[in-house]
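Breakdown of the fold
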Amino acid sequence: MVSFEAYMDACLYDPEHGFYASGVGMAGRRGDFLTSVEVGPLFGAVVARWLDFHWDRLGQPDPFVVADVGAGPGTFARELHAARPRCIEALDLVLIERSPSGRSLHDRTLGRSLVDLDALECAHVIFANELLDNLAVRVLQRHRGQWLEVFVGPGEGPSRQRLLPASDVPAVVTALTAPLVGNAQEDHPPSVPVARCAAEWVDAARAKLVEGGRLLAFDYGADTAELAWRAPTAWLRTFRQHQPGTSPFESPGQQDITCDVPLDQLPPPLSRMRQADWLRHWGIEAMVEEGRKIWSERAALGDLASIRARSRVREADALLDPNGLGWFWALEWDGLAEP
Ligand SMILES: C[S@@+](CC[C@H](N)C(=O)[O-])C[C@H]1O[C@@H](n2cnc3c(N)ncnc32)[C@H](O)[C@@H]1O
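About the thresholds
Residues numbered from 1 in each chain as written. Predicted model: local features only at pLDDT ≥ 70, side-chain atom pairs only at ≥ 80, totals over all residues. Heavy atoms only, no water. Helix = DSSP H or I, 4+ residues; strand = E, 2+ residues; numbered from the N terminus. Rg over C-alpha atoms; globule rule 2.2 N^0.38 Å. Buried < 20%, exposed > 50% of the residue type's maximum accessible area, 1.4 Å probe, protein only. Areas by Shrake-Rupley, 256 points an atom, 1.4 Å probe, with all protein chains shown as cover. Lys, Arg positive; Asp, Glu negative; His and termini not counted. Charge placed at Lys NZ, Arg CZ, Asp CG, Glu CD. 1 Å grid on protein atoms, 1.4 Å probe; cavity = no way out; pocket = protein on both sides within 12 Å on 5 of 7 lines; lining within 4 Å. Points joined across faces, edges and corners; volume = space filled by probe spheres on them. Nonpolar A, V, L, I, M, F, W, Y, C, P; charged D, E, K, R; others polar. Pairing = 2+ DSSP bridges. Contact = heavy atoms within 4.5 Å. Axes fitted to C-alpha atoms, helices over the stretch in contact; angles between N-to-C directions. Domains from an automatic or database assignment. Buried area = accessible area lost by both parts, 1.4 Å probe. Polar contact = N/O pair within 3.5 Å; in protein donor to acceptor, adjacent residues only side chain to side chain.

1. Observations regarding the overall build of the protein
Within the protein, the secondary structure is distributed over 13 helices and 17 strands. Against the globule reference of 20 Å for 339 residues, the protein gives a C-alpha radius of gyration of 21 Å, in line with a compact fold. With respect to the principal axes defined by its C-alpha atoms, the protein has extents near 65 × 50 × 40 Å. Burial statistics for the protein: of 339 residues in total, 54% are counted as buried. Here the protein displays about 15,400 Å² of accessible surface, and carbon together with sulfur accounts for 53% of that area. Side-chain charges of the protein comprise 33 positive and 47 negative groups, with the mean position of each set lying 4 Å from the other.

2. Points about empty space enclosed by the protein
Where empty space is left in the structure can be found by rolling a water-sized probe over the atoms. Applying the stated criterion across every chain yields a total of one cavity of 30 Å³ or more. Volume-wise, the largest cavity comes out at about 40 Å³. When its residues are assigned to classes, the lining of the largest cavity shows eight nonpolar, no polar and one charged.

3. Notes on the sheet that holds strand S12 (residues 236–240)
One open sheet accounts for three strands, arranged S13-S12-S14; its pairing is antiparallel. Both edges of this open sheet fall to strand S13 (243–244) and strand S14 (256–259), since each of them pairs with a single strand only. Inspection of the sheet shows S12 paired to S13 by two bridges, in the antiparallel sense. The residue of S13 that forms the bridge with Arg240 is Gln243. Sheet strands touched by helix H1 (residues 4–13): S12 and S14. Its angle to S14, the strand with the most contacts, is close to 135°.

4. Things to note about the environment of Pro252
Within the secondary structure layout, Pro252 lies in the loop between S13 and S14. For the pair formed by Pro252 and Gly157, sequence separation is 95 residues and the distance between their alpha carbons is 9.5 Å. With near-sequence residues (within four places) excluded, Pro252 lies in contact with Tyr7, Cys11 and Arg160.

5. Here we look at the pairing of strand S3 (residues 91–96)
For S3, a buried count of six out of six residues is recorded, marking the element as mostly surrounded by other parts of the structure. A two-sided burial pattern is seen for S3, the buried positions comprising Leu91, Leu93 and Leu95 on one face and Asp92, Val94 and Ile96 on the other. Pairing of strand S2 (residues 64–69) with S3, which is carried by six bridges, proceeds in the parallel orientation. Considered in S3, the bridge of Val65 is made with Asp92. The pairing of S3 with strand S4 (residues 112–114) spans three bridges and is classified as parallel. The residue bridging Leu95 from the neighbouring strand is Ser113, located in S4.

6. Quick word on the domain arrangement of the protein
Examined at the domain level, the protein breaks down into domain 1 (14–135 + 194–229 + 237–278 + 319–334), domain 2 (138–193) and domain 3 (284–318). Distance between the C-alpha centres of domain 1 and domain 2: 29 Å. With 17 residues of domain 1 at the contact, the number on the domain 2 side is 21 residues. Across the domain 1/domain 2 interface, buried area totals approximately 1,500 Å², and carbon plus sulfur atoms make up 71% of it. By the criterion of area lost to domain 2, the three top residues of domain 1 are Val194, Trp229 and Phe249, representing 52% of everything that side buries. The interface formed by domain 1 and domain 2 includes two residue pairs in polar contact (both at pLDDT 80 or more).

7. Observations concerning the pairing of strand S5 (residues 123–129)
With seven of seven residues buried, S5 is to be regarded as a mostly interior element. Strand direction decides the pairing type here: S2 and S5, joined by three bridges, are parallel. Pairing of Val66 across the sheet is with Val125, part of S5. Where S5 and strand S10 (residues 209–219) come together, six bridges link them in parallel fashion. Across the sheet, the residue bridging to Ala123 is Leu209, located in S10.

Dropping the structure here:
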């Protein structure tokens, strides 16, 4: 029997059978899910503006080391190069991806390709899109006045779930107990994810930053108390080929398992805002306006520039969608070595 955390990690990353490690899972239009990076080049072009801002702020270092962690097939690297940020000549781009099938698709002319963050000496900027939701979580459930932890036993399907008294309940979860006990429904006991791996990863990334460096992560999530009021199926989900999958206890390694990130369990960020607000702050609307203008001037020509311009407008709709990607969070942290 193993903890849900160990089970989820194996389902995703077991070298032979894991969803990502085996190559079953991949981001992209032909893959299992569409991330902001995979919507089109606009997202990378806005992040490129943010990178130029921090390159200037740091005194235009050369090399300017930028790591994309959980890089998947390396689409962000292609977008960044296509956007031609001012920092491009100084850019030392590092694509970090745990899955060998993802790494095999990296374009090594655009950047170095590494297996994990440990292999990176230091970076000015670390970027991670939809990485944190794919890091394994413990699952705790409140039952008759105590917190139990979900373990996974042998067998098939949801009957594999076992509940044992939780030995280590984080303060953010014990703090929930009083209000939850007063309102808990017996048939829907509160459950919460414990994102130890995500919190440790954030600190490991911050430890790699040079003084003044920045970590930027985009993901979906909510505070722990908010997640506790939802059924666990609302925050622990499975996907396969753009469709919801089955129970996480079924088909291990054949579907993605993802968890809404309990944001207040992460180290406190410098800033936290909705993805739509972040993209607006960094100029997406001006870029879309420019696209509209090019489209209206060149639509009759139907050339590549006009098609790209039109696609920019469509991409912005998806990236800013208040019921979709726009509702994600943009989180920024400074380095651990900051004075
Ligand atoms: C949901 S995909 C996101 C891919 C890409 N960032 C995007 O936005 O399209 C998450 C990726 O993170 C990778 N991953 C998970 N844990 C990792 C780690 N500790 N270091 C590097 N990559 C990791 C997975 O293999 C997977 O390719």
